[in-house]
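Inside the fold
This is what each chain is made of:
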Amino acid sequence: MLDPRYVLSHFEEVRASLARRSEAAERSLDGVAQVMEERRALILETEALQAERNQASQAMAALVKTDPAGFAARREDLKRLSADVKEREARLAALEERVEALLLLVPNTPDPSVPTGGDESHNRVVRHWGEPRAYATPPKEHWELGAALGLLDFERGAKLSGARFTVLWGAGARLERALIGFMLDLHTTQHGYTEVDPPFLVKAEALRGTGQLPKFEADLFKTHKHDPEGGEDAAALYLIPTAEVPVTNLHAEEILDGAQLPLGYAAYTPCFRSEAGSYGKDTRGYIRQHQFDKVELVRFATPETAEAEHERLTLHAEAVLQRLGLHYRVSLLCTGDMSVNSRKTYDLEVWLPGQQAYREISSCSWFGDYQARRAKIRYRPEAGAKPQLVHTINGSGLAVGRTLVAILEQYQLPDGSVEVPTALRPYLGGLERLAPR
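Below, the structure is looked at part by part.

1. Comments concerning the sheet that holds strand β14 (residues 377-380)
Strand order in the open sheet formed by 3 strands is β8-β14-β15, and the pairing between neighbours is mixed. The open sheet is flanked by β8 (254-257) and β15 (388-389), the only strands paired with a single partner. Note that β14 and β15 share 2 bridges and pair antiparallel. Opposite Arg378, over in β15, you have Leu389 as the bridge partner.

2. A few points about the packing of aromatic side chains
In total, this model carries 4 aromatic pairs according to the counting rule given. Ring centres of Phe182 and Tyr427 lie 6.1 Å apart, and the angle between their planes is 80 degrees; this geometry places the pair in the edge-to-face category. In this pair, Phe182 is assigned in helix α8 (residues 170-190) and Tyr427 in the loop between β17 (418-419) and β18 (433-434), connecting sequence segments 245 residues apart. The partly exposed category is assigned to Tyr427, whose relative accessible area is 32%. Centroid distance Trp351 to Tyr358: 4.9 Å. Interplanar angle 55 degrees. Geometry classified as tilted. Looking at Arg133, its charged tip hangs above the ring of Tyr411, at a distance of 3.9 Å from the centre. Across from the ring centre of Trp366, 4.9 Å away, lies the NZ or CZ of Arg343, which sits over that ring.

3. Remarks on the pattern of salt bridges
Scanning the model with the defined rule gives 23 salt bridges in all. Ionic pairing is found between Arg27 and Glu23, a salt bridge with its closest N-O pair at 3.7 Å. With Arg27 and Glu23 both in helix α3 (residues 23-27), this residue pair falls 4 residues apart, about one helical turn. As a salt-bridge pair, Arg329 and Glu349 come within 2.6 Å of each other at their nearest N and O atoms.

4. Considerations on the packing of α8 against helix α11 (residues 306-324)
Close contact between α8 and α11 brings their axes to 11 Å; oriented N to C, the two are set at 125 degrees. Regarding the angle of α8 to α11, the classification is oblique. The hand of the α8/α11 crossing is right-handed. Listed contacts from α11 to Leu179, Phe182, Met183, Leu186, His187 and Gln190 of α8 are His316, Ala319, Val320, Arg323 and Leu324. Here the contact of α8 with α11 is composed, by residue class, of 7 nonpolar, 3 polar and 1 charged.

5. Concerning the packing of α8 against helix α13 (residues 400-410)
Interhelical geometry of α8 versus α13 gives an angle of 115 degrees and a closest axis separation of 10 Å. Viewed along their axes, α8 and α13 adopt a mutual orientation that is roughly perpendicular. Crossing of α8 over α13 shows right-handed handedness. Packed against α8, whose contacting residues are Gly172, Leu175, Glu176, Leu179, Ile180 and Met183, the element α13 presents Val400, Gly401, Thr403, Leu404 and Ile407 at the interface. Residue classes in the contact of α8 with α13 are distributed as 7 nonpolar, 3 polar and 1 charged.

6. Things to note about the nonpolar core
Residues Leu179, Leu408 and Leu424 are the most contacted members of the largest nonpolar core, which totals 52 residues. Broken down by secondary-structure element, the contributors of at least two residues to this core are α8, β10 (291-301), α11, β11 (328-332), β12 (344-352), β13 (357-366), β16 (391-399) and α13. Residue contributions to this core peak at 8 residues, all from α8. Apart from residues no more than four positions distant in its own chain, Leu408 is found in contact with His142, Leu145, Gly146, Leu149, Leu151, Leu152, Val418 and Leu434. Grouped together as the second largest cluster of nonpolar side chains are 20 residues, Leu2, Val35, Leu42 and Val99 included.

Cut-off values and rules
Residues numbered from 1 in each chain as written. Predicted model: local features only at pLDDT ≥ 70, side-chain atom pairs only at ≥ 80, totals over all residues. Heavy atoms only, no water. Pairing = 2+ DSSP bridges. Helix = DSSP H or I, 4+ residues; strand = E, 2+ residues; numbered from the N terminus. Phe/Tyr/Trp six-rings, centres within 6.5 Å; stacked < 30°, edge-to-face > 60°. Buried < 20%, exposed > 50% of the residue type's maximum accessible area, 1.4 Å probe, protein only. Lys NZ or Arg CZ within 6 Å of the ring centre and 35° of its normal. Salt bridge = Lys/Arg side-chain N within 4 Å of Asp/Glu carboxyl O. Axes fitted to C-alpha atoms, helices over the stretch in contact; angles between N-to-C directions. Parallel < 35°, antiparallel > 145°, perpendicular 65-115°, else oblique. Left-handed = near helix turned anticlockwise from the far one by under 90°. Contact = heavy atoms within 4.5 Å. Nonpolar A, V, L, I, M, F, W, Y, C, P; charged D, E, K, R; others polar. Core = buried A, V, L, I, M, F, W, Y, C linked by side-chain atoms within 4.5 Å.

Spelled out as structure tokens, the structure:
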């Protein structure tokens, strides 16, 4: 959420920044200025009445012994003033709720370094790593390879749970598990992250803290507890769409020690997304699933170090692809292609030769204090100093299923087998090749 005071005092600047995203983002400010002006005027009015009430209370104290009759008359005035103050405080509380409700729907302002554009065609490729492999025969797509190797079973996944669910068999299940272990080991032993195993079900407050609610409820899976009365249970939980949600909220409503920043956490979780609005996209294969595995990286930093920490986290995610020998590129997303919560995002896009296309395998985002303000995550720069909001950064390190897809396609051999990347072989008992069964 944006800072209400900053929005009010820099309204046109914020509007211009949001206009770089889209007309809809700019329109999200409609009504905010009016409500915030009402709020500011009511604050001044309430403060003036509070001061008048305090003065009247002090005057009454002096009349208790010297003028009992005057004291009784002034007591009625004080009651009226107190009632007026309470009425305005109640109105102010209602306005505060309206301001927050409106600002929860306003996107983050993009960093000046982010290119302006309406869609992915305006993203900027900033670097490549490695080169595409040469193949003696036209490379196959992962769903053909996975089925022939007995790794991916889309039919049984659909039988069990419907479209966009997959069963992994044998070496496919082992490969998924090996990738999770490899990624967590790399990030904890080489990059200094602390491993976390968070809950996979969270309260609505956690999703609100990271920005998924209220705007993206349609993308979430929500549970309902049995209620004998037949009503909806207010304590219903949501399946997490990413480990970003529980891990970021580990420090919700806390004040961190500034001397301990930056903090870095790595977490493996399954993730659950309904993919509302993505009908027709990647309906075949293992790319866009309702349930998928991911290793997530989350960092908490001071405002002064956050941009550098964003670059560091991106390099940590890239290291996974480099250790696996997978060709990829890094793109800086334009204003119209990054998430509404993000200030700046790099996408890591791995090459899939079967599709002859680069596909996103990680989004590494810097949120500024946008999430921290929602979740009330602060730090104290030094003893006795006023707490400040942290900056949050996260990224996939990596999406496990998409990494499996990239290995199948980039490491495929002419006979239909797939070479196992050297870095993964210790996690697979020395297995060097996935062969057709």
